[in-house]
Structures are given as C-alpha cells and as structure tokens.
Amino acid sequence: MKLILLGAPGSGKGTQAALISEKLNLPHISTGDIFRDNIKRKTEIGLKIKSIIDGGDLCPDDLTIEIVKQRLSEKDCENGYLLDGFPRNITQAKALDESAAPDKVIELVIPLEKIEKRITGRRSCVKCKSSFHVDLIGNRKDCPTCGGELFVRDDDNPTSVKERLAVYKTQTAPLIEYYAKQGKLVPINADLPIEEVFADILKVVK
Ligand code: ADP
Ligand code: ZN
C-alpha cells in the first residue's frame, strides 16, 4: 500500500506515521527527518538547506524530489510506502504521480488556531524522532519511548511557525483538492487524542 499523510505542521503527521508504519509494516519516509539528518551530519545538502528549514520555507523541489525518488527505489519500499511531509506542493505531487502514485492520501484535519500551541510545546527525540507535547511529559529531558535525548527543533519557534503555516496555506493545502479530484483523499479529524486518530486511520486503510 502506498500512503501519503497530508496535514499542516503540527497536525500530528510524524506521530501517526510512526504508529501506522509499525502496524502496517510500511517504511516511514519523512522528508523533514531526512533533511534534519543531513543538517546534523553537515552534508553538502545539509549545509545548503539549513537556513531554508530554520526559516520555515520549502527546500528546492528538484533536490527534494530526487531524495524521495532515491529513497523509494530502495528494497524496503517494494510493497509500498508511508510518506510524511512529501509531497508539499503540486510540482512534487505530479512528480510522484509519474513514478509511484499513492493509493490513498490521509488528510489530518486540525483547526489552524490550535497549531501554534501544539508546535511551540513540542519536544523531539534525537534518536527515534518521536515528538511529545510538554502538556503530556512536563519538563523531562529523555524520550518516553526510547530514552533518547529530547530537544526543541530550530524551526519550532513562533516566527518560523508563522512562515510554515503561510507556506502550508499557499503551497500544500491545494493538494487537498488535487487528491480529492483523484478520489484518493480521506479526511481524518486530527483534533482528538493520539489513539483515537490512529484508530480512525486504521479503519480506512485496513
Ligand atoms: P512539519 O510538518 O512539522 O512542518 P517537517 O519535519 O515535515 O515538519 O518539515 C520541516 C521542514 O523541512 C519544512 O518546513 C521544510 O523546510 C522542509 N521540508 C520537509 N519536507 C519538504 C518537502 N517535501 N519539500 C520541501 N521542503 C520540505
Ligand atoms: Zn525516542
């Protein structure tokens, strides 16, 4: 099964992707995680994109599309994929349609006014990439899942969040109609506890 998780920043894509990936045995491919890994390892790509990501803008399409194509050609993607954070605009969606079109697109729906609080209270794990809200974990510094160190993403600050939301509205939200027209869109209410959102997703992908 080829699945895309679509939704605004902070809608819970990463959290749900980890759960779905484990349950359905699909490789979880997060372009954000791939980019952040490159930044951390100071690769050529990482050095090129750090300021773009920190500012909340999109990385160049040609680079992003190439990275995803490469990743999708690996053996573990033979039976499908779970994409999180890609595609993020129409150009990327068309490129994916030409190579490995999705079967379903799960849209995590959340009122935009809830997002800022979700993101600015977010702590991410260096090791397993999970993220948790401070409302849930308080000020603990170790990941509840794997014990890894928790950190605040450089782009999880109010200025970048504003830009990321603007980019989402203008560039990514049009994908909702794009996939609806293809009959692949499945909207899911993401303004619910993690387990309920997950259960609703499982109902439509099983
Ligand atoms: P979130 O969904 O919480 O905003 P991500 O981890 O998916 O975070 O993405 C973080 C950043 O990585 C984006 O703001 C953007 O700069 C870059 N990025 C991720 N995916 C893409 C993509 N498909 N195209 C361009 N840039 C991307
Ligand atoms: Zn962890």
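Look above for the structure.
None of the values given here were measured: they were computed from a predicted structure. (Residues numbered from 1 in each chain as written. Chains lettered and ligands numbered in written order. Predicted model: local features only at pLDDT ≥ 70, side-chain atom pairs only at ≥ 80, totals over all residues. Heavy atoms only, no water.)

Q: With reference to specific residues and values, describe the packing of helix H2 (residues 31-40) against helix H3 (residues 44-55).
A: The N-to-C vectors of H2 and H3 enclose an angle of 115 degrees; their axes lie 8 Å apart at closest approach. In terms of crossing hand, the pair formed by H2 and H3 is left-handed. When H2 is examined against H3, the residues Phe-35, Asn-38 and Ile-39 are found in contact with a partner set consisting of Ile-45, Gly-46, Ile-49, Lys-50 and Ile-53. For the contact of H2 with H3, a count of residues per class yields 5 nonpolar, 2 polar and 1 charged. (Axes fitted to C-alpha atoms, helices over the stretch in contact; angles between N-to-C directions. Helix = DSSP H or I, 4+ residues; strand = E, 2+ residues; numbered from the N terminus. Left-handed = near helix turned anticlockwise from the far one by under 90°. Contact = heavy atoms within 4.5 Å. Nonpolar A, V, L, I, M, F, W, Y, C, P; charged D, E, K, R; others polar.)

Q: Got a sec to walk through the site of ligand 1? Specific residues and values, please.
A: Residues in contact with ligand 1 amount to 19 residues; listed here are only the nearest, Thr-31, Arg-36, Asp-57, Gly-85 and Gln-92. Within the side chain of Arg-36, a nitrogen or oxygen atom sits 2.9 Å from an oxygen atom of ligand 1. Counting residues per element, the shell around ligand 1 draws most heavily on H2, which supplies 4 residues. In terms of residue class, the shell around ligand 1 is built from 6 nonpolar, 5 polar and 8 charged. (Near = heavy atom within 4 Å. Polar contact = N/O pair within 3.5 Å; in protein donor to acceptor, adjacent residues only side chain to side chain.)

Q: Summarise the sheet that holds strand E5 (residues 122-125); cite the residues concerned and give the values.
A: Read across the open sheet, the 3 strands follow the order E6-E5-E7; overall the sheet is antiparallel. Among the strands making up the open sheet, the edge pair consists of strand E6 (131-133) and strand E7 (150-151). Two elements, E5 and E7, share 2 bridges in a ladder whose sense is antiparallel. Considered in E7, the bridge of Cys-125 is made with Leu-150. (Pairing = 2+ DSSP bridges.)

Q: Any details on the pairing of strand E4 (residues 104-109)? Residues and values, ideally.
A: Two elements, strand E1 (residues 2-7) and E4, share 5 bridges in a ladder whose sense is parallel. The residue of E4 that forms the bridge with Leu-3 is Lys-104.

Q: How would you sum up unusual backbone geometry? Please name residues and give values.
A: Cis geometry is adopted by the peptide bond preceding Pro-87, which originates at Phe-86 and carries an omega value of -5 degrees. Residue placement: Pro-87 occurs in the loop between strand E3 (81-84) and helix H5 (90-100). Even without being glycine, Asn-25 reaches a positive phi, approximately 55 degrees. Position of Asn-25 relative to the elements: it lies in the loop between helix H1 (13-24) and strand E2 (28-30). When its relative accessible area of 68% is taken as the criterion, Asn-25 is described as exposed. (Buried < 20%, exposed > 50% of the residue type's maximum accessible area, 1.4 Å probe, protein only.)

The quantities given are spatial measurements derived from coordinates; they are silent on function.
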